[in-house]
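Descriptive analysis of the structure
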Amino acid sequence: MAETTPIESSDSGEVTLSRELSLFTVTMIGIGGMIGAGIFVLTGIAAGIAGPALILAFLLNGLVTSLTAMSYAELGSALPGAGGGYQWIKEALGGTLGFVSGWMSWFAQAVAGSLYALAFGRFAAELVHVAGIPTFGLTINQISLLFMTLIIITFTIINYIGSSETASVGNTLTVIKIVILGFLVIFGALAMSRMDGWQDRFTTGFLPNGLAGVFIAMGFTFIAFEGYEIIAQSGEEVLDPIRNIPKAIFISISVAVVVYILVGIVAVGAITPPGDLAAYEYLGEKGEIAIIEVAQQVFPWGIGGLILLLSGLASTTSALNATTYASSRVSFAMGRDHNLPEFFARIHPKRHTPYLAVVATGALMTLMAWTLPIEDVAASASIMFLLLFMLVNFAVLFLRLQSPELERGFRVPLFPILPVLAIISNAFLAVNVFRFSPIAWVFAVVWIAIGLLAYSFYFSRIEEMEKPKEILLEEVLVSRDYSVLIPVANREQARILGKIGALLACNKGGEVLALHVVHVPVQLNLSEGRLFLRDGRQYLDDVIRQSKKCDVPVHTIIRLGRNVSHAIRQTAIENASDIIVLGWPGFTKSSGKLFGSVADPIVDNPPTDVIVVRHRRWRPLKRILVPVTGGRNSRRAVRIAVNMANAEQPDPATVTILHVLPQGVDEVGRIRAERAVAESMHGVDGMPIETMYVEGDDPVESILSSAKGYDLIVIGATEEPVFTNFLVGTLPERVARGAEVTVMMVKRRSSPIHSFVRKALIEPTHLKPL
């Protein structure tokens, strides 16, 4: 016998991420992403654009963000996979838009990380200056770049180490900065209470640049409000994602909007500008250090500047941590889908992190921070986030219609009105960014164009070639004329069915096709079923060992699919299997099913001959009993029994055909019984077959009584009309439950007309999809 082993793909290791992030942890990740450098670097610039209406811009941004956040909450609870919006858009709108969304998200998150790293470098350089630390001739700009590089390297290492370590550091930093900003608001409010006429700053000249200034400020600062996307991108690691992802999204947005508005109020209301400058004009002049100037004025003992510098360092580091985390997860998901080079999808064997995606993201952030005009590129990142959010809202519209069966922990209310409003508002803000930075649109268009070219000429082809199929591991053999398909789900089943399959194939000179189907839920990609391949391998090894005893070749397949029965059916069709052997333990946990949710759809309308085995302890075959009633299934049962008997060499087992007669049957009844037995034996030559006739009121009891001393029972399905025989029939099933030996229930493949009637008329109304 030729013993064979499966051919494993080089990437057959685990490619999923462990779920270990709690509600608090993932909420803090989202807050850390939103209350980051934006509140320090962008507040002063935005005040110069919108004036005191800065707080209106923050409030409206919160409302606009909440519209899209509802879509994120629905999709994040239904499809909590790594990649977030990228995966949803790919699922709903197709590969090209899916790639573009991931390409934009990766770039935008990396640019945001570069902005936060540069802000950290500037704050650190300012701290060095304030503290009087020697600079050894380095300029402020050089010191800023040095610290920027060091902080990117630091958080690349932290994200390389793992999710728990990442979250722990991020939680600490987020708590620190919220506490410091809380003190800023308190001391700012106290300073405002001591000022005369501070209210006039919000009533006179509230809109110095009109609503246009508000809209421009909204578009410019929108990058600060996208942190909740990080929650969706880490969804694959969130505990109980159906409940926790929506909660984390809305809690983080609520906290961030409140903090931004309160800081905006005290920034405009508490600062004392020099000369005749208006408060918002002075904030605009100070730019990225405006909030530090506010703190210097309102904190007691002149320590405000130092404290806010420390808070700025904490804020920018936590935001950098969050964006590094998110950006690496997007690139990991794209690498897994072959939309980026394969190394992005590699998982660290011990840390279980996408370590190469983290390293590549850190390198991209460093490169952009050193070489590009970061302020304009940051504006282009806002554009890309807005375009990404538009696509996410389109995705929720399409997926609500395409996949209504998905379990959703949250559903967007007033559907489809709110997603449509979100699409319009995101598009409007993206257009308004052009007024602030026309070059930002150039960066965005160039980056998207590069991505489209790369996808069209390379990644789309690789994606198609490497697209996860249902079949992951397959052993290639020369196909035999007779093939026995054995789906196995556990080791006990593999041993029993492997033995039966080998006996069936042996006498026919055929092969055993051993199949293990990994059920992959819709929340995961098919490729992520690789996590379970190791268990499936040992089941197939058991089948190989059983087949080796009978010198039967084995063809093994591990198949990933959403629907186990469909995967079995497709395997039988694709490999032209002659018979399917299914296992049944004698019970089922599926309500309304006879043999279970996997076996019933196959048995009901079999693509080939099918055997359902109620397996008991296997005995060496000496005597086989075949109860018959006549018809095509009885004929097939006799042939199966003879095949099994002949496989037991050198001493074939004996086959006995049993027909149960009613008590007191007349001569006509006996003649009919003899005809039924003769019909069942038709075409079986070269082997003596015994016949037995018994009388009894209960056929099942009569069969069980007659089966004493036999090693195997082979029984055909009852012959009932197509519209009533949805399953095999109750008589074989009752025999299988009551027998002390293994029972094989046999059913012939459906005829074309039979199959058509069931698919067209019966299955849509009587059989629910799995």
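Residues numbered from 1 in each chain as written. Predicted model: local features only at pLDDT ≥ 70, side-chain atom pairs only at ≥ 80, totals over all residues. Heavy atoms only, no water.

**Section: the overall build of the protein**
To keep it simple, the criterion reads: Secondary structure elements follow DSSP: runs of H or I no shorter than four residues count as helices, runs of E no shorter than two count as strands, and numbering proceeds from the N terminus. The contact definition used throughout considers only heavy atoms, calling two residues in contact when any of these lie within 4.5 Å. Using a 1.4 Å probe, accessible areas were evaluated by the Shrake-Rupley method; residue-level cover was limited to the displayed protein chains.
Scanning the protein from terminus to terminus reveals 27 helices and eleven strands. Of the contacts made within the protein by residues no fewer than 6 positions apart, 83% connect residues no fewer than 24 positions apart. A total of about 30,700 Å² of accessible surface is found on the protein, and carbon and sulfur atoms cover 61% of it.

**Digging into the pattern of salt bridges**
Here is the rule: Salt bridge, as applied in this entry: a Lys or Arg side-chain nitrogen positioned within 4 Å of an Asp or Glu carboxyl oxygen. Note on classification: 1.4 Å probe, protein chains only; a residue is buried when its accessible area is under 20% of the maximum for its type, exposed when over 50%, partly exposed between these limits.
Taken as a whole, this structure holds ten salt bridges when the rule is applied. As a salt-bridge pair, R635 and E679 come within 2.8 Å of each other at their nearest N and O atoms. Placement of the pair is R635 in helix α23 (residues 632–647) and E679 in helix α24 (residues 667–680), with a sequence separation of 44 residues. Judged by its relative accessible area of 23%, R635 falls in the partly exposed class. One salt bridge connects R670 with E695, and the closest N-O pair in it is separated by 2.7 Å. Note that R670 is positioned in helix α24 and E695 in strand β9 (residues 689–695), a separation of 25 residues in sequence. The structure contains a network of salt bridges with shared partners spanning E74, R400 and R408.

**Brief notes about the nonpolar core**
It is characteristic of soluble globular proteins that their nonpolar side chains tend to be buried jointly. Defined as follows: In this text, buried Ala, Val, Leu, Ile, Met, Phe, Trp, Tyr and Cys residues form a nonpolar core when linked through side-chain atoms within 4.5 Å.
If you look at the biggest cluster of nonpolar residues, it comprises 150 residues, and the most contacted ones within it are L184, I249 and L308. Looking at which element gives the most residues to this core, the answer is helix α5 (residues 95–131), with 18 residues.

**Some points on the packing of aromatic side chains**
Stated formally: A pair of Phe, Tyr and Trp rings is counted when the ring centres sit within 6.5 Å of each other, with Trp represented by its six-membered ring. The angle between the planes then sorts it: under 30 degrees is stacked, over 60 is edge-to-face, the rest tilted. Criterion for a charge above a ring: Lys NZ or Arg CZ within 6 Å of the ring centre, and within 35 degrees of the ring normal.
One pass over the full model with this rule turns up 17 aromatic pairs. Taking the centre distance of 6.3 Å and the plane angle of 80 degrees together, the rings of W198 and F202 count as edge-to-face. Every member of this aromatic cluster is reached through a ring pair, and the members are F99, W103, W106, F107, F343, F344, W447 and Y455. Of note, R400 hangs over the ring of F415, and the distance from its end group to the ring centre comes to 4.1 Å. Lying over the aromatic face of Y710, R623 brings its terminal NZ or CZ to 4.0 Å of the ring centre.

**A closer look at the pairing of strand β8 (residues 654–661)**
Keep this limit in mind: For two strands to pair, DSSP has to find at least two bridges joining them.
Within β8, seven of the eight residues are buried, which leaves it mostly tucked inside the rest of the structure. One ladder, built from five bridges, connects strand β7 (residues 623–627) with β8; its direction is parallel. Looking across to β8, one finds that P627 is bridged to L658.

**Observations concerning the packing of helix α9 (residues 210–221) against helix α17 (residues 417–436)**
Note the following rule: Only the contacting stretch of a helix is used when fitting its axis, a line to C-alpha atoms as for every element, and angles between N-to-C directions run 0 to 180 degrees. Each angle gets one of four labels, with under 35 degrees taken as roughly parallel, over 145 as roughly antiparallel, 65 to 115 as roughly perpendicular, and the rest as oblique. Residues are grouped as follows: Ala, Val, Leu, Ile, Met, Phe, Trp, Tyr, Cys and Pro are nonpolar; Asp, Glu, Lys and Arg are charged; all remaining types, including Gly, are polar.
Relative to each other, α9 and α17 sit at 100 degrees, their axes nearing to 8 Å. Comparing the axis directions of α9 and α17 gives the class roughly perpendicular. On α17, the residues that touch A212, F215, I216, M218, G219 and F220 of α9 are F428, L429, N432, V433, R435 and F436. For the contact of α9 with α17, the residue count by class is nine nonpolar, two polar and one charged.

**Here's the deal with the packing of helix α19 (residues 491–506) against α23**
Put simply, α19 and α23 touch, their axes get as near as 8 Å, and they point 90 degrees apart. By the angle between their axes, α19 is roughly perpendicular relative to α23. Contacts between α19 and α23 involve I500, L503 and L504 from the former and I640, N643, M644 and A647 from the latter. Here the contact of α19 with α23 is composed, by residue class, of six nonpolar, one polar and no charged.

**Some points on α5**
Basically, it comes down to this: Helix span is expected to be 1.5 Å times the residue number reduced by one.
Taking 1.5 Å per residue, 37 residues should reach 54 Å; α5 reaches 53 Å between its end C-alpha atoms and fits that length. Just past α5, the residue G132 takes up positive phi, approximately 70 degrees.

**Points about the confidence of the model for the protein**
Stated formally: pLDDT: the predictor's confidence for each residue, scored from 0 to 100.
On average, residues of the protein score 78 in pLDDT, and 83% of them reach the 70 mark or higher. The weakest mean pLDDT in the protein belongs to helix α27 (residues 752–766) at 40; the strongest belongs to β7 at 91. A low-confidence stretch, residues 468–478 (pLDDT under 50), is modelled with 40 contacts involving residues beyond four sequence positions or located in other chains. Scored below 50 in pLDDT, residues 720–729 makes 26 contacts in the model with residues more than four places away or belonging to other chains.

**Brief notes about the environment of I383**
Checked against the element boundaries, I383 lands in helix α16 (residues 374–402). Exposure remark for I383: the relative accessible area of 0% places this residue in the buried category. A sequence separation of 44 residues divides I383 from A427, and the C-alpha atoms of the two residues are 9.0 Å apart. Excluding residues within four positions of it along the chain, I383 makes contact with A430, V433, A440, W441 and A444.

**Description of α19**
To keep it simple, the criterion reads: Pairing of N or O atoms within 3.5 Å defines a polar contact, subject to two protein rules: one partner must be a possible hydrogen donor and the other a possible acceptor, and residues neighboring in sequence count only if both atoms are side-chain atoms.
Compared with the 22 Å implied by 1.5 Å per residue over 16 residues, the 22 Å span of α19 between its first and last C-alpha is a close match. Counting buried residues in α19 gives twelve out of 16 residues, a clear majority hidden from the surface. By the burial criterion, the buried members of α19 are Q493, A494, I496, L497, G498, K499, I500, G501, A502, L503, L504 and A505. With a side-chain oxygen lying 3.4 Å from the backbone nitrogen of E492, the N-terminal cap of α19 falls on N490.

**Structural notes on a nonpolar patch on the surface**
Under the convention used in this document: Each patch groups residues whose relative accessible area exceeds 30% and which form no salt bridge, using 9 Å between like charges and 5 Å between nonpolar side chains of Val, Leu, Ile, Met, Phe, Trp and Tyr.
Together, F24, V175, V179, F183, I186 and L190 make up a nonpolar patch on the protein surface, roughly 540 Å² of accessible area in all. For the nonpolar patch, the element with the most residues is helix α7 (residues 163–193), which contributes five residues. Note on placement: I186 falls in helix α7.

**Things to note about unusual backbone geometry**
With an omega of 5 degrees, the peptide bond running from F415 to P416 counts as cis. Tracing the backbone through its elements, the reader meets P416 in the loop between α16 and α17. Look at L414: it is not a glycine, yet its phi comes out positive at around 50 degrees. As for its placement among the helices and strands, L414 is situated in the loop between α16 and α17. Positive phi, normally seen in glycine, also occurs at D551, with a value near 55 degrees. When you line up the elements, D551 lands in the loop between α20 (533–549) and β4 (554–561).

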